[in-house]
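Close look at the chain arrangement
The lines below spell out each chain.
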Amino acid sequence: MLDYDNEAAHYDRTRGGTPRAEAAAAALNGLIPSHSLVLDLAVGTGIVAAELDALGHRVVGIDLSAGMLRRAARRLPGKVARADATALPLPSGSVDTVTAVWLLHLVDDAEPVLAEVARVLRPGGLFLTTADKEAAVRLADNRSPEARPRPDTCAHLTTLGARHHLHLAAASSFLGHGQARPGGADPNYPILGFRRATAI
């Protein structure tokens with residue numbers, strides 16, 4: 001796995017910068033109710049979270065990387081903290097929406113994250129996450145899907161979500177500006193929206 005403390009200095013520049021962040025935030029915003037309290041998991045440099053904040057949401061972010069958080073704190077002063085997505089420092093049922101852009105493809109097991117998301121979401125709240133990252137890149141390059149299963153596939157996340165009363169309710173996508181590999185096209189990245197059951 002990358003050392004995100006070291007990656008922080010050039011992360012935005014090498015990941016599509018503002019155009020990709022604006023595209024991701026616009027796709028998320030299309031699914032989030034107006035003026036929501038949003039918890040952004042793995043907030044990174046805060047580039048997407050700041051766009052959501054500018055769109056009128058109350059956004060707070062968490063990350064494990066101190067290097068990323070230093071950059072995020074400039075964009076979201078007083079609204080970011082160091083925390084693990086599997087042990088969120090928030091009361092149960094306290095958040096309207098949880099977002100996770102570029103997190104679940106990095107973990108070995110997505111279930112502890114989904115369990116914690118389900119805990120902090122209010123009944124009827126939304127969990128929005130990118131999914132199938134590697135498959136999207138391979139399709140943009142006209143390559144066959146990998147045989148090796150990934151932790152962020154739609155089918156896998158839907159199954160895990162259902163175990164924790166998170167039911168697939170919406171979907172969107174955004175263009176990964178600047179993410180084309182040599183000879184390929186910019187990929188379209190899926191976003192899945194899971195709604196927490198109102199009665200458990």
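Look above for the structure.
Residues numbered from 1 in each chain as written. Predicted model: local features only at pLDDT ≥ 70, side-chain atom pairs only at ≥ 80, totals over all residues. Heavy atoms only, no water.

One pair of aromatic rings is described through two measures. These are the centre distance and the angle between the planes. Evaluated as defined, the whole model comprises four aromatic pairs. With a centroid separation of 5.7 Å and 50 degrees between ring planes, the pair formed by phenylalanine 174 and tyrosine 189 is classed as tilted. Of this pair, phenylalanine 174 sits in strand β6 (residues 166-175) while tyrosine 189 sits in strand β7 (residues 188-196), and the two are 15 residues apart along the sequence. Grouping residues by exposure puts phenylalanine 174 and tyrosine 189 together as buried. A connected cluster of aromatic rings, assembled from ring pairs, spans Trp102, Phe174 and Tyr189. (Phe/Tyr/Trp six-rings, centres within 6.5 Å; stacked < 30°, edge-to-face > 60°. Helix = DSSP H or I, 4+ residues; strand = E, 2+ residues; numbered from the N terminus. Buried < 20%, exposed > 50% of the residue type's maximum accessible area, 1.4 Å probe, protein only.)

Strand order in this open sheet of seven strands is β3-β2-β1-β4-β5-β7-β6, and the pairing throughout is mixed. Looking at strand neighbours, the two that pair on one side only are β3 (80-82) and β6, the edges of this open sheet. Each strand of the sheet is rotated relative to its neighbour by a mean of 20 degrees, with strand direction disregarded. Here β6 pairs with β7 via nine bridges, running antiparallel. Bridge pairing in β7 links serine 173 to proline 190. Against the sheet, helix α5 (residues 66-75) touches β2 (58-63) and β3, its axis set at about 165 degrees to β3. Against the sheet, helix α6 (residues 111-120) makes contact with β1 (37-41), β4 (95-100), β5 (121-130), β6 and β7, and its axis sits at roughly 145 degrees relative to β5, the strand it touches most. (Pairing = 2+ DSSP bridges. Axes fitted to C-alpha atoms, helices over the stretch in contact; angles between N-to-C directions. Contact = heavy atoms within 4.5 Å.)

Burial of β1 is extensive: four of the five residues sit out of reach of the surface. Bridge count between β1 and β2: five bridges; the pairing is parallel. Bridge pairing in β2 links leucine 37 to arginine 58. As paired elements, β1 and β4 share four bridges and run parallel to each other. If you follow leucine 41 over to β4, its bridge partner there is alanine 100.

This paragraph deals with unusual backbone geometry. Positive phi is not limited to glycine here, since histidine 35 has a value of about 55 degrees. Unusually for a residue other than glycine, tryptophan 102 sits at a positive phi of about 65 degrees. Following the sequence through the fold, tryptophan 102 ends up in the loop between β4 and α6.

With that settled, consider the side chain of aspartate 152. As for its position among the elements, aspartate 152 is in the loop between α7 (133-140) and α8 (154-163). Although aspartate 152 is buried, it makes no salt bridge; arginine 150 carries the closest opposite charge, 6.0 Å away. Here lysine 133 takes part through its backbone nitrogen, which lies 3.0 Å from a polar atom of the side chain of aspartate 152. Each residue touching aspartate 152, except ones within four places of it in the same chain, is listed here: Leu104, His105, Ala131, Asp132, Lys133 and Leu157. (Lys, Arg positive; Asp, Glu negative; His and termini not counted. Salt bridge = Lys/Arg side-chain N within 4 Å of Asp/Glu carboxyl O. Polar contact = N/O pair within 3.5 Å; in protein donor to acceptor, adjacent residues only side chain to side chain.)

This brings us to the pairing of β4. Consecutive side chains along a regular strand alternate between the two faces of the sheet. Along β4, six of the six residues are buried, which leaves the element largely enclosed by surrounding structure. Remark: the β4/α6/β5 crossover connection has right-handed handedness. (Right-handed = clockwise from strand over helix to strand, strands pointing away.)

With that settled, consider the pattern of salt bridges. Pairing between side chains becomes possible if they bear opposite charge and their charged atoms approach one another. Per the counting criterion, the structure on display carries seven salt bridges. Across the pair glutamate 111 and arginine 163 runs a salt bridge, and its minimum N-O distance is 2.9 Å. Residue glutamate 111 is located in helix α6, and its partner arginine 163 is located in helix α8; the two are separated by 52 residues in the primary sequence. A salt bridge links arginine 119 to glutamate 116, with the shortest nitrogen-to-oxygen separation between them at 2.9 Å. Residue arginine 119 and its partner glutamate 116 are both found in helix α6; the two are separated by three residues, about one turn of the helix. Accessibility expressed as a relative area gives 27% for arginine 119, which makes it partly exposed. What makes glutamate 116 buried here is its relative accessible area of 11%. What emerges from the salt-bridge pattern is a single network uniting Arg58, Asp96 and Arg122.

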